[in-house]
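Descriptive structure summary
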Amino acid sequence: MTPRPAAQTAAGPMVLAAIEQHEPPERRLVDDDLAELLLPARLRWSVRAMRPALLRRALRAATERSAPGIWATVTCRKRFIDDTLDAALDEVDAVVILGAGLDTRAYRVLRRRRIPIFEVDLPVNIARKAAAVRRALGELPLSVRLVAVDLENDDLLTALAEHGYNTDYRVFFLCEGVTQYLTDSAVATTLAGLRAAAPGSRLVFTYVRRRFIDGTDDYGAAALYRRMCQRRRVWRFGLEPEDIEAFLAGYGWRLIEQLGGEDIARRYIAPTGRAVGASDLEWAVSAIKR
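Residues numbered from 1 in each chain as written. Predicted model: local features only at pLDDT ≥ 70, side-chain atom pairs only at ≥ 80, totals over all residues. Heavy atoms only, no water.

In the annotation of an unreviewed UniProt entry, the entry for the protein reads S-adenosyl-L-methionine-dependent methyltransferase, and the organism field reads Mycolicibacillus koreensis. Under the Function (unreviewed entry) heading, UniProt states for the protein: "Exhibits S-adenosyl-L-methionine-dependent methyltransferase activity." What the UniProt record of the protein gives under Sequence similarities (unreviewed entry) is the line "Belongs to the UPF0677 family." (UniProt positions renumbered as here; feature names shortened; annotations may be inferred.)

Written out as structure tokens, the structure is:
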């Protein structure tokens, strides 16, 4: 069976995060000392090959030609999620990572606090994650539960409950780079399932602009649009910034903040002094359960 398109994107963002670790600390867009750890061998080799600054600049330039600003947007969305989770970690009882891929966040969180962490993804990605964690760490930490779920077809809460999830938990839900791969109905079903989350729970997710999905504006990324929205219709769901507050309220969440390209540039890029831009194509949102 051919893997679902979303199952083929688990490594890409982590490659960018891993390459960023070659930058001096004061110039990094994201800090993740484990980013390389869970990648397949060929990608670990590729990351190590990017140690020379000249090669990193060439790779970023090639990425910019395909989708201007996407490098900074992908790496800085990780920074935003890390910052938001770090600030809330002492106020929640569990973490649920939807579309966990090869992300290392669960294993970095456990350095600070032993807390139940549920990593949710498609079955093929969960199998890869389990193998990668065991290769890199020797065993899966007891606090981490790998949950195989297809958000298009499976019941999220049932799957979580089978792995020890409790609806009394104040949960930090995060969903990075996932919503665009889902249908409208899958997004609605997933958020409806989260209505049961305890007050004070947090939600952080990213979304692609609807104007990109429907072809109204390609944000300078025509090649990306053709690949993701035309040829195979890989990306299907989008939102617009002005709609977010009402969208969240419909599922019982209150908007705290959202970041677009200008916000990312001001908060995360400017302090590094790097001459890179961020795309307005993808936004990040933080909310709290009412």
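Having seen the structure, we can now continue with the description.
Side note on the pattern of salt bridges
Close approach of charged atoms allows side chains of opposite charge to pair. With the rule as written, the count across this model stands at 28 salt bridges. Linking aspartate 33 and arginine 111 is a salt bridge whose minimum nitrogen-to-oxygen distance equals 2.9 Å. One end of the pair, aspartate 33, is in the loop between α1 (12–20) and α2 (41–49); the other, arginine 111, is in helix α5 (residues 105–112), and 78 residues separate them in sequence. An identical accessibility class is assigned to aspartate 33 and arginine 111; each is exposed. With its nearest N and O atoms 2.9 Å apart, the salt bridge here joins arginine 266 to aspartate 263. One end of the pair, arginine 266, and the other, aspartate 263, are both in helix α12 (residues 261–269), three residues apart, so they sit about a helical turn from each other. A residue is classified by how much of its surface remains accessible, and aspartate 263, at 22% relative accessible area, is partly exposed. One continuous salt-bridge network, built from bridges that share partners, spans Asp32, Arg77, Lys78, Asp82, Asp103, Arg105, Arg108, Glu176 and Glu282. (Salt bridge = Lys/Arg side-chain N within 4 Å of Asp/Glu carboxyl O. Helix = DSSP H or I, 4+ residues; strand = E, 2+ residues; numbered from the N terminus. Buried < 20%, exposed > 50% of the residue type's maximum accessible area, 1.4 Å probe, protein only.)

Considerations on α12
Helical periodicity: at 3.6 residues per turn, an α-helix aligns residues three or four positions apart in one direction. Listed in full, the buried residues belonging to α12 are Gly261, Ile264, Tyr268 and Ile269. Projected down its long axis, α12 shows its buried positions confined to an angular sector of 75 degrees, all on one face. Exposed residues on α12 whose side chains face more than 90 degrees from its buried face are Glu262 and Arg266. Of the surrounding secondary structure, the elements contacted by the buried residues of α12 are α4 (70–88) and β6 (253–259). (Arc of directions from axis to C-beta. Contact = heavy atoms within 4.5 Å.)

Structural notes on the nonpolar core
Leu39, Val95, Ile117, Phe212 and Trp235 are the most contacted members of the largest nonpolar core, which totals 65 residues. Filtering out sequence-adjacent residues up to four positions away, isoleucine 117 remains in contact with Val95, Ile97, Ala106, Val109, Leu110, Ser143, Val144 and Arg145. Of all hydrophobic cores here, the second largest spans 36 residues; its members include Val96, Leu191, Leu194 and Val285. (Core = buried A, V, L, I, M, F, W, Y, C linked by side-chain atoms within 4.5 Å.)

What about the environment of valine 95?
Note that valine 95 resides in strand β1 (residues 94–98). When the C-alpha positions of valine 95 and glutamate 242 are compared, they lie 28 Å apart, and in sequence the two are 147 residues distant. Those residues in contact with valine 95 that sit more than four places away from it in its chain are Leu85, Leu89, Ile115, Pro116, Ile117, Phe118, Val171, Phe172 and Leu174.

Remarks on the side chain of arginine 202
Considering the arrangement of structural elements, one finds arginine 202 in strand β5 (residues 202–208). At a separation of 2.8 Å, a polar atom in the side chain of arginine 202 contacts the side chain of glutamate 91. Those residues in contact with arginine 202, other than ones at most four positions away along the chain, are Ala88, Glu91, Val92, Val171, Phe172, Phe173, Trp253, Ile256, Ala287 and Ile288. (Polar contact = N/O pair within 3.5 Å; in protein donor to acceptor, adjacent residues only side chain to side chain.)

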